[in-house]
Amino acid sequence: MATQTLPTPAVVADSADKLVRDLEGSATLPLWAQMAKLNPALPNPRCTPHVWRYDEVRPYLLRAGQVVSEKQAERRVLMLVNPGRNEAPYTTDTIYGGLQLVMPNETAAAHRHVAFAMRFIIEGNGGFTAVHGRRVQMNRGDVILTPRWNWHDHGKDGSGPMIWLDGLDLPQFRHFPVHFVEHFKDPRYPAEDIDTDASPIVFKWHKMQARLDAQAGDWASQRYTRNDGSEVSKTLGAAAERVTAGKSSPIRQETASSMYHVVSGSGRTIIYGPDNEEEKLTWKRNDTFCIPTWARFQHFADCADGAGGAGDVYLFRCDDVPMITSLGFYRTSEDDAEGLVSH
Ligand code: GTQ
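Given the structure is predicted, the values throughout are model-derived calculations rather than measurements. (Residues numbered from 1 in each chain as written. Predicted model: local features only at pLDDT ≥ 70, side-chain atom pairs only at ≥ 80, totals over all residues. Heavy atoms only, no water.)

### What to know about helix α5 (residues 205-214)
Three or four residues apart is the spacing at which side chains of an α-helix point the same way, because the helix has 3.6 residues per turn.
Thought 1: Within α5, burial applies to Trp205, Met208 and Leu212. The buried side chains of α5 occupy one side of the element, clustering within an arc of 70° when seen end-on. Away from its buried face by more than 90 degrees, α5 exposes His206 and Ala214. (Buried < 20%, exposed > 50% of the residue type's maximum accessible area, 1.4 Å probe, protein only. Helix = DSSP H or I, 4+ residues; strand = E, 2+ residues; numbered from the N terminus. Arc of directions from axis to C-beta.)

What follows is the structure, given as structure tokens:
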């Protein structure tokens, strides 16, 4: 009796692994291999909460003032690089922050760019910035805007350093490759001195503080808005907050991310993890810290820093609320999720 032999298959059985191997060179990838990465269970910042201590960064910045000329640098800035990404321009995943120094008689040369900038003035006297032909003075606590594509240069009279915190929307240009700069032919763009108090791009600290003090409660928050009531830009916005000495802000969790700067007072911010484990950021006057998207956080005003006031904490905040909101991404943990269904 003849033995029966099974026919050998003409082809190896197909499989998912073989398919994935065969896809190489096809300019496609299987979504199913990275579904959880592309549709994560929760907002997933790469940036982590972090404090940049002014006492630590300031000496490096002053050294840069000695060894890097403003002509070499164009902008003499130490960028605040988030340890979670370890790469510029990420202070948060959507916000760039940097500490900029101008020394007396220097000019940070005129240029203009697509990026929007806001500046919080930290220290020094006699500094000025000329924005599209109008020169305004820099004073501690003021916020000064550089709207998109406006020519701008910075300078300083008198003695001592002028230092401020820059907030720009640079991270967005990793997605939208539409950012570029134009340099003016001269270091300074022709400008006239204008009344800084009347400038629509300058927000004086004393006015903001009065708004915060007029708001009842242990925690107050006020946004910086243009004369027409709009946010300061379509990407980044700004706010200031007050926390009464010894008290705290409410716990917040939102899809916006933020960069905070301590105007006065000292305290701490607690970030609560998924199992309520606590991460503590302690800070004092002139420090800068960041809150990634969807972190649950709460500020505590712990003690006075001797810099005046009764120990209330005042914070400046640069955030991405306008961008996140206009794109339809803004939500907080307080929102009714069904109310977020778009139509
Ligand atoms: O002052 O124009 O921190 O162009 C980064 C890029 C500041 C500025 C920065 C800039 C500027």
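### Some thoughts on the site of the ligand
Thought 1: Taken together, Arg75, Val77, Tyr96, Gln100, His111, His113, Arg119, His152, His154, Asp166 and Leu168 are the residues near the ligand.
Thought 2: Between the ligand and the protein, one listed contact pairs an oxygen atom with a side-chain N or O atom of Arg75 at 3.0 Å.
Thought 3: Measuring from an oxygen atom of the ligand, one finds a side-chain N or O atom of Arg119 at 3.0 Å.
Thought 4: Compared with its free state, where it exposes 290 Å², the ligand has 89% of that area covered by protein.
Thought 5: Of all elements in the fold, only β3 (96-102), β4 (107-113), β9 (152-156) and β10 (162-168) reach the threshold of two or more residues within the shell around the ligand. (Near = heavy atom within 4 Å. Polar contact = N/O pair within 3.5 Å; in protein donor to acceptor, adjacent residues only side chain to side chain. Areas by Shrake-Rupley, 256 points an atom, 1.4 Å probe, with all protein chains shown as cover.)

### Thoughts on the UniProt feature "domain: Cupin type-2" (unreviewed entry) in the protein chain
Thought 1: Per the UniProt entry, the sites bearing "domain: Cupin type-2" (unreviewed entry) are residues 99-166 in this numbering.
Thought 2: Structurally, residues 99-166 is divided into 0% helix and 60% strand, and its ends, taken at the C-alpha atoms, are 6 Å apart. (UniProt positions renumbered as here; feature names shortened; annotations may be inferred.)

### Thoughts on the sheet that holds strand β2 (residues 77-79)
Thought 1: An order of β2-β3-β10-β5-β8-β13 is seen for the six strands of this open sheet, with the pairing classed as antiparallel. The open sheet terminates on both sides in strands that have one partner only, identified here as β2 and β13 (202-203).
Thought 2: Against the sheet, helix α3 (residues 54-67) engages β2, β3, β5 (117-123) and β10, with an angle of about 50° to β3. (Pairing = 2+ DSSP bridges. Contact = heavy atoms within 4.5 Å. Axes fitted to C-alpha atoms, helices over the stretch in contact; angles between N-to-C directions.)

### Points about the nonpolar core
Thought 1: Counting residues in each nonpolar core, the largest one holds 42 residues, and the members touching the most others are Leu99, Met118, Leu145, Trp205, Tyr224 and Phe316.
Thought 2: If we skip the residues at most four places from it in the chain, Trp205 touches Arg140, Gly141, Asp142, Leu212, Tyr224, Ala240, Val263 and Tyr314. (Core = buried A, V, L, I, M, F, W, Y, C linked by side-chain atoms within 4.5 Å.)

### Topic: a negative patch on the surface
Thought 1: Taken together, the side chains of Glu334, Asp335, Asp336 and Glu338 make up a negatively charged region of the molecular surface.
Thought 2: Assignment of secondary structure puts Glu338 in the segment after α6 (321-326).
Thought 3: Judged by relative accessible area, which is 60%, Glu338 ranks as exposed. (Patch = residues over 30% accessible without salt bridge, like charges linked within 9 Å, V, L, I, M, F, W, Y side chains within 5 Å. Salt bridge = Lys/Arg side-chain N within 4 Å of Asp/Glu carboxyl O. Lys, Arg positive; Asp, Glu negative; His and termini not counted. Charge placed at Lys NZ, Arg CZ, Asp CG, Glu CD.)

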